[in-house]
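Spelled out from the first residue to the last, the chains are:
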Amino acid sequence: SKTKNHILKLLFENRNDYLSGQKISDEIGCSRTAVWKHIKELENEGYSIASVHKRGYKLIDAPDQLSEARIRAGLETERLGHRLVCKDELPSTQKEAQHLAEDGAEEGTVVLAEEQTSGRGRLGRQWHSPKGAGIWMSLIIRPDIQINKAPQFTLLTAAAVVKAVKRATGLDCEIKWPNDILYKGKKFVGILTECQAEAADVKAIIIGIGINVNTDIEDFPDELKDIATSLRIEAGKTFDRAEIIQAILKEIESLYKMYMDEGFHFIKLLWESYAISLGKKIYARKTNGDVIYGLAQGIDDEGVLLLRDDDGHIHKIYSADIELSSQ
Ligand code: BTX
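Residues numbered from 1 in each chain as written. Predicted model: local features only at pLDDT ≥ 70, side-chain atom pairs only at ≥ 80, totals over all residues.

Q: Is there a simple way to think about the site of the ligand in this case?
A: In the region of the ligand, 28 residues are neighbours, and Ser92, Gly121, Gly190, Gly208 and Gly210 sit closest. Of all elements in the fold, only α5 (93–102), β5 (134–141), β8 (186–198) and β9 (201–212) reach the threshold of two or more residues within the shell around the ligand. By residue class, the composition of the shell around the ligand is 9 nonpolar, 15 polar and 4 charged. (Near = placed C-beta within 6 Å. Helix = DSSP H or I, 4+ residues; strand = E, 2+ residues; numbered from the N terminus. Nonpolar A, V, L, I, M, F, W, Y, C, P; charged D, E, K, R; others polar.)

Q: I'm lost on the UniProt feature "DNA-binding region" (unreviewed entry) in the protein in this one. Help?
A: The UniProt entry lists residues 21–40 under the feature "DNA-binding region" (unreviewed entry), expressed in the numbering used here. For residues 21–40, the end-to-end C-alpha separation is 13 Å, with 85% helix and 0% strand making up the annotated structure. (UniProt positions renumbered as here; feature names shortened; annotations may be inferred.)

Q: Looking at this model, I keep getting lost on the packing of helix α6 (residues 152–169) against helix α10 (residues 265–274). Mind explaining?
A: Axis angle and axis distance: for two packed helices, these are the angle between their axes and the distance between the axes, and together they describe the pair. Orientation of α6 relative to α10, taken along the N-to-C sense of each, is 60 degrees, at an axis distance of 9 Å. With respect to their mutual orientation, α6 and α10 come out oblique. Once α6 is placed against α10, the crossing between them reads as left-handed. Seen from α6, the contacting residues are Gln152, Leu155, Leu156, Ala158, Ala159 and Val162; seen from α10, they are Ile267, Leu270, Trp271 and Tyr274. Across the contact of α6 with α10, the residue classes break down as 9 nonpolar, 1 polar and no charged. (Axes fitted to C-alpha atoms, helices over the stretch in contact; angles between N-to-C directions. Parallel < 35°, antiparallel > 145°, perpendicular 65-115°, else oblique. Left-handed = near helix turned anticlockwise from the far one by under 90°. Contact = placed C-beta atoms within 7 Å.)

Q: Quick question: what am I supposed to make of the sheet that holds strand β11 (residues 291–299) here?
A: Sheet strands pair via backbone hydrogen bonds, and the direction of the pair is either parallel or antiparallel. On the basis of which strands lie adjacent, the open sheet formed by 5 strands has the order β13-β12-β11-β10-β14 and antiparallel pairing. The open sheet is flanked by β13 (314–317) and β14 (320–324), the only strands paired with a single partner. Pairs of neighbouring strands in the sheet enclose a mean axial angle of 45 degrees, with direction left out of account. Pairing of β11 with strand β12 (residues 305–308) involves 4 bridges; the strand directions are antiparallel. (Pairing = 2+ DSSP bridges.)

Q: What is the right way to read the sheet that holds β9 from this model?
A: Pairing is mixed in the open sheet, where 7 strands are placed in the order β3-β4-β5-β9-β8-β7-β6. Either end of the sheet is taken by a strand with one partner, and the two such strands are β3 (83–90) and β6 (174–176). For this sheet the average axis-to-axis angle between neighbouring strands, irrespective of direction, equals 20 degrees. Sheet analysis places β8 next to β9, joined by 10 bridges and oriented antiparallel. Paired with Ile191 across the strands is Ile209, a residue of β9. The sheet contacts of α6 involve β6, β7 (180–183), β8 and β9, and relative to β8 the element is tilted by about 145 degrees. On top of the sheet, helix α9 (residues 241–262) reaches β5 and β9; it is set at about 30 degrees to β5, its chief contact.

As structure tokens, then:
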């Protein structure tokens, strides 16, 4: 209920202190008995709340379950996340968000699942999304732009996620064009942006973000063990997924605002500052199977990768998988 979410928000905001029942009931405009009832309900949901006579309530521990209330408490955004759809299990949050967007869901709608049974990557690939281990989320935005600009949002999202991970965990990670985020060469984030358009106009962009947060190495299938990692594996501790989600929504919102006010230029600079492949020799395997070898010179104003081959020709790479060359 709304009141319960509000109480939880207050408890989170004052988690170093006791908050009196009176203060809570004044702030929310309900009786102290109602406050007490909601506290009991929160305890039943797994929250641990100390209650001390004459001092009030204090949050001791929260369950590691992504609920709307948990994410909302501490969310500092204006629009992103104003609607949060949290599910235990979905085939894919991306598919769910696509449906919601078609039905007119507002900008800022976020879909989250504890587990995805058919999480999707690019080009029909799979995204491994085990229960409770990561952040599997899809965000709907509705920028007033032309469809050829939509790929810029993949780069915007990647830059925002790097900033948010740094802020929430202290870890410095890197971007591999166009959409992988790596820590020491291993992938722990995947980003998938999809677009709904009418003629050349974007109606919605669905930004899918998958992050291995508390995944253990044994949780990965064999084919991923050498190429994937998680924040827990790297940092040796468990992270609060809700805090990372809050940081990501906040960073996307602020870069999105900058993008709408000032264009792609600043986002591009930020992205380039996090990119590992620029200035290096790479192989780009295009979707048609062709492989081009050359120097990754940079990205252009549309987010397209510019690759200079040994003959000096510049290739524009719209979609490919890249691999760093050892030379
Ligand atoms: P991608 O096509 O760039 O990467 C997919 C490839 O990454 C797979 O073929 C596999 O090799 C590897 N991979 C699969 N799962 C993982 C994992 N958990 N960690 C590291 N590597 C992995 C990247 O596609 C885009 C992924 C977006 C996922 C989000 S989750 C929320 C939303 N819903 C949904 O179905 N997809 C998006």
